[in-house]
Amino acid sequence: MSLIELLPLVPALPLAGVLLLLAGGRRLPGKAAAWLASGLVGAAFLLSLGIAIEYRGLAAAGSGSEHATPEASAEAPGAAEHAAEAPVIVQTLWRWMDVGADLVEISAARQELPMLEAVPEGAVGPAWFDLRLLDAVEDPAARAGLEAGLSRMWLPEAVVGEMPMQALPAGMLVTLDNVPPAAGRDAATLIVDAPRRERRFTVDLALQLDALSIVMLLVVTGVGFLIHVYSIGYMAHDADIRRYFTYLNLFVFSMLTLVLGAGFLVMFVGWELVGACSYLLIGFWYQDPANASAGRKAFIVNRIGDLAFLIGMMLIWTTFGSLAYGEVLPAAAGQAGTWVALAIPALLLVGATGKSAQIPLFVWLPDAMAGPTPVSALIHAATMVTAGVYMIARSHSLFEAAPQVMAVVATVGALTALVAALIAAVQVDIKRVLAYSTISQLGYMFLAVGAGAYVAGIFHLMTHAFFKALLFLGAGSVMHAMEHGFAHAHAHPETLDGIPPEQDMRHMGGLLGRIPATGWTFVIGGLALAGFPGLAGFWSKDEILFETIARDLAAGRVGLWTLLYGIGSLTALLTAFYTGRQLLMVLAGQPRSAGAEQAADSPWLMTLPLGVLALLSLVGGLVNAQALGIHALADFLAPVLGGHEAEFSALPFIGLAIGIALAGLGLAWWVYGPKRELLAEDGAFVDPIATRLPRYHKAAWNRFYVDELYAWLVVRPFRRSADFLWHVVDEGMVDSTVNGAGRLMAALGGWLRGWQTGYVRSYALSVLAGAVIIALWLFRAAW
Amino acid sequence: MSIPPGHFLMLAAVLFTIGVAGAILRRNAIIVLMSIELMLNAVNLTLLTAGRAMGDIDSHVFVFFSLTVAAAEVAIGLALVVAIFRSLGRTEVDDISVMHG
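Throughout what follows, the structure given in this document is the object of discussion. Everything quoted here is computed from the prediction, not taken from an experiment.

Rules behind the numbers
Residues numbered from 1 in each chain as written. Chains lettered and ligands numbered in written order. Predicted model: local features only at pLDDT ≥ 70, side-chain atom pairs only at ≥ 80, totals over all residues. Heavy atoms only, no water. Helix = DSSP H or I, 4+ residues; strand = E, 2+ residues; numbered from the N terminus. Buried < 20%, exposed > 50% of the residue type's maximum accessible area, 1.4 Å probe, protein only. Contact = heavy atoms within 4.5 Å. Areas by Shrake-Rupley, 256 points an atom, 1.4 Å probe, with all protein chains shown as cover. Phe/Tyr/Trp six-rings, centres within 6.5 Å; stacked < 30°, edge-to-face > 60°. Lys NZ or Arg CZ within 6 Å of the ring centre and 35° of its normal. Core = buried A, V, L, I, M, F, W, Y, C linked by side-chain atoms within 4.5 Å. Salt bridge = Lys/Arg side-chain N within 4 Å of Asp/Glu carboxyl O. 1 Å grid on protein atoms, 1.4 Å probe; cavity = no way out; pocket = protein on both sides within 12 Å on 5 of 7 lines; lining within 4 Å. Points joined across faces, edges and corners; volume = space filled by probe spheres on them. Nonpolar A, V, L, I, M, F, W, Y, C, P; charged D, E, K, R; others polar. Buried area = accessible area lost by both parts, 1.4 Å probe. Polar contact = N/O pair within 3.5 Å; in protein donor to acceptor, adjacent residues only side chain to side chain.

Some details on the overall build of chain B
Right, so step 1: Regarding its fold elements, chain B presents 3 helices and 0 strands.
Right, so step 2: Of the regular secondary structure in chain B, the N- to C-terminal order runs α-α-α.
Right, so step 3: Across the 101 residues of chain B, 26% fall into the buried class.
Right, so step 4: Considering only residue pairs separated by 6 or more positions, chain B has 57% of its internal contacts joining residues 24 or more positions apart.
Right, so step 5: If you sum the accessible surface of chain B, you get close to 6,800 Å²; carbon and sulfur atoms cover 76% of it.

What follows is the structure, encoded as structure tokens:
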């Protein structure tokens, strides 16, 4: 019994959790429901771990097992030597959709056709088939097959459609589209080629196991399990704890569907499901309308990206005739240079910017912090928002067919990283800093995959999942401690700028000694994010930056990639700065409120996951510490993502990266260090940035007015057109037409009522008048 | 010597006109009913005249039917008049105008 055979069980476990909680959740005590949900995700994690270990053994043995279906993986040139030894295991659960099966039967009938005449001269592009040639077919069975086939085949000329062949005028030209023109082919060959699988739409519900999905599998179930455990403590006193865990399990199931699906459509199902879960969990405390509207905002902004993704999938199908990775990705290189090769990755990119909160669709993520903090950690930092990066890495051969789109991906990523870091540097809401930091780090991942450094992107995705989950959970624990502190001190601080006091960093300070478990793990997470040498974020971020500039170094020029490297390095400086600022504002100095003075550490259920994640943030980067000569992750992923051999010494760049990280942290220490007085004389918090750089502070504080811009560009025209449709079209045209018809009938009825006198004689007179008129009409000939 | 059809037709026209005038002008329900009978019989007379002039027996059959129906109509009409008289105490048709619009 092999564990890999049990792969469908991995998503099935959290799904079982959803069903159990839906069916019997009400009867379970909240704690039991929470443990059930967490236990199932934990079991899924253990199973994934077993599968990963077995898969490694399988890859090392260099052959697929007998139960699996090894397929050629999409291989990059550098990975050729690895490709043979890493199987891609596709498990088909069932055939999900099958449309147009009859077309394939037709093709079988058509194989028997004898040779016809040569292709008409001058036929360029689509092949042409003259229906007059039908007469040349002698064999009646073959001819019937040809006629039936042509009549049912999907053709550009709609007239052919369902029409029987006999109804077509002789000599009409029918296009057999998508047939590559070839000199010397005769018509019969063309016909045999023409009926193809493109016309048959089949989708299998299949799971794909390869190195990439294993990495994602472990991240999703591992981090997911830790966050489940943390949530047991965090949500212990929430009345809706069962609903919370139902959603959380549903999310894990959806995310696993996304990363395990063996085709774009299965991925899309997971993609949409995680979006729905995100919506449900952002608006988890829906009693506050602001939370509900944050959920709607996330959902709607995501829809824009999803639409592009959907159109991209349709293009993939019309181009490649399939949606399965195993068939699309190896064929992608063959389309290079065509417009679809450009359009497909561009559309996929728009989809990815929506899900991964990149420019221009990043506005939803900061608002998504309205949900419970563990949700921010799991969905809006560690897993779901990285789906866009995963999708680009997964379909990288499509992107490689369009280098222009790759450059756009990298540019979008670098700009997003910079802009989000600039905003993060002035925020005072502990979760908002992390939210913008997440956007910024996602930008790094986009930069990586845009630069073709997929391993670096996935590596950063992984380390980011560790330290950002740690930071969010730490922030949740800090908020928990602050709430406790405020309650203990009977303090009711005022809410400033709409930020709840327990997550307002202006009220914090000096927490390190008061909540040591949370505090020290938070420090580790922060340093990992800042790129402190040796921690997880340092290795992955550095690899991204190095791979970026390596593209220009390899070509011996100074161009786009050097510029992007510069932006990335500047962002790294800002990252270290805002992370240092956050750590110092939260943990160092003197407490700035009663809540911070009386803060108490969170229960062990919350600090235990923090410890595990802190450990991962400390050593997680070592799986691919290139500078130390370790590239375990790169070797593991190479069969799927292609290997990158760095030909230049990365050491100067590593030195630079260390310098940047330390400079950023030092700058933060200089501005926000414990010796600095951050309170004005009236006790209000004064951000030194606001006094030194007031214009930047104002712009960044208002998030560079992007929300206002969208309100002006999108929401306002939408409202106006809705108002127009409401007042002018609906009220003015539709309503008045209907009401006018009613009023006309009423007036007509009122007039006719006057005739109904009730006097028999007046009726008799009317009858007489009618009779006279008819008589005159009948005898009109007499006049 | 036979009377020419024109005379019959003229008589029928006169009878019909008298019936119309009576039905429209008189208020007494019984008189109105009688006027309607007069109109019916004028039509019957026309039918018979035409049948005779054209040597056709069908019109005679029609007239028998028409007479039968007229008898039934009078029966119902008189029953209505009696019912109205019982409830209103009068038989003026203008008083029976509760169905006006």
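Re the packing of aromatic side chains
Residue and element names in this part refer to chain A.
Right, so step 1: By the definition in use, this model includes 15 aromatic pairs over all chains.
Right, so step 2: Ring geometry for tyrosine 279 versus phenylalanine 299: centroids 5.2 Å apart, planes at 50 degrees, classification tilted. Placement of tyrosine 279 in helix α9 (residues 264–282) and of phenylalanine 299 in helix α10 (residues 289–320) is noted, with a sequence separation of 20 residues between them.
Right, so step 3: Centre to centre, the rings of tryptophan 751 and tryptophan 755 are 6.3 Å apart; their planes meet at 75 degrees, and the pair counts as edge-to-face. For the pair tryptophan 751 and tryptophan 755, one class covers both residues: exposed.
Right, so step 4: Here the aromatic cluster, defined as three or more aromatic residues joined through ring pairs, consists of Tyr244, Phe245, Tyr247, Phe284 and Trp285.
Right, so step 5: For arginine 761, the ring lying beneath its charged end belongs to tyrosine 759, and the centroid distance is 4.9 Å.

Considerations on the nonpolar core
Right, so step 1: Residues Phe264, Leu398 and Leu511 of chain A are the most contacted members of the largest nonpolar core, which totals 211 residues.
Right, so step 2: At 21 residues, helix α19 (residues 454–489) of chain A tops the list of elements feeding residues into this core.
Right, so step 3: Those residues in contact with phenylalanine 264 of chain A that lie beyond four places of it in its chain are Phe309, Met313, Ile316, Leu323, Tyr325, Val328, Leu329, Leu348, Ser395 and Leu398 of chain A.
Right, so step 4: Ala29, Val32, Leu33 and Val93 of chain B belong to the second largest nonpolar core, which has 5 residues in total.

Describing the pattern of salt bridges
All names here are of chain A.
Right, so step 1: Within this structure, the stated rule accounts for 17 salt bridges over all chains.
Right, so step 2: In this structure, aspartate 367 engages lysine 297 in a salt bridge whose closest nitrogen and oxygen atoms are separated by 2.8 Å. Pair noted here: aspartate 367 is in helix α13 (residues 364–367) and lysine 297 is in helix α10, with a separation of 70 residues, a long-range link.
Right, so step 3: On the accessibility criterion, lysine 297 (21% relative accessible area) is partly exposed.
Right, so step 4: For the salt bridge of aspartate 497 with arginine 506, the shortest nitrogen-to-oxygen distance reads 3.0 Å.
Right, so step 5: Its relative accessible area of 11% is what places arginine 506 among the buried residues.
Right, so step 6: A cluster of three or more residues bridged by salt bridges with shared partners is formed by Lys297, Asp367, Arg432, Arg703 and Asp707.

Observations regarding empty space enclosed by the protein
The probe, sized like a water molecule, is rolled over the atoms to show the empty space still left.
All names here are of chain A.
Right, so step 1: For the coordinates displayed, the defined rule picks out 6 cavities of 30 Å³ or more.
Right, so step 2: The calculated volume of the second largest cavity comes to roughly 100 Å³.
Right, so step 3: Contributing to the lining of the second largest cavity are Ala530, Gly531, Phe538, Lys541, Asp542, Leu545, Ser569, Ala572, Ala657, Ile660 and Ala661.
Right, so step 4: Contributions of two or more residues to the lining of the second largest cavity are made by α21 (536–555), α22 (560–587) and α26 (651–672).
Right, so step 5: Among the elements that take part in the lining of the second largest cavity, α21 stands out by supplying 4 residues, more than any other.
Right, so step 6: Across the lining of the second largest cavity, the residue classes tally to 7 nonpolar, 2 polar and 2 charged.

Focus on the interface of chain A and chain B
Right, so step 1: Tallying the contact residues gives 9 residues for chain A and 9 residues for chain B.
Right, so step 2: Regarding the contact of chain A and chain B, the summed buried area is about 880 Å², with carbon and sulfur atoms giving 65% of it.
Right, so step 3: Taken together, the connections running from chain A to chain B amount to 1 salt bridge.
Right, so step 4: With a shortest N-O distance of 2.6 Å, aspartate 94 of chain B and arginine 761 of chain A are connected by a salt bridge.
Right, so step 5: Connecting chain A to chain B are 1 residue pair in polar contact (both at pLDDT 80 or more).
Right, so step 6: Tallied by class, the residues present in the side of chain A that touches chain B amount to 4 nonpolar, 3 polar and 2 charged.

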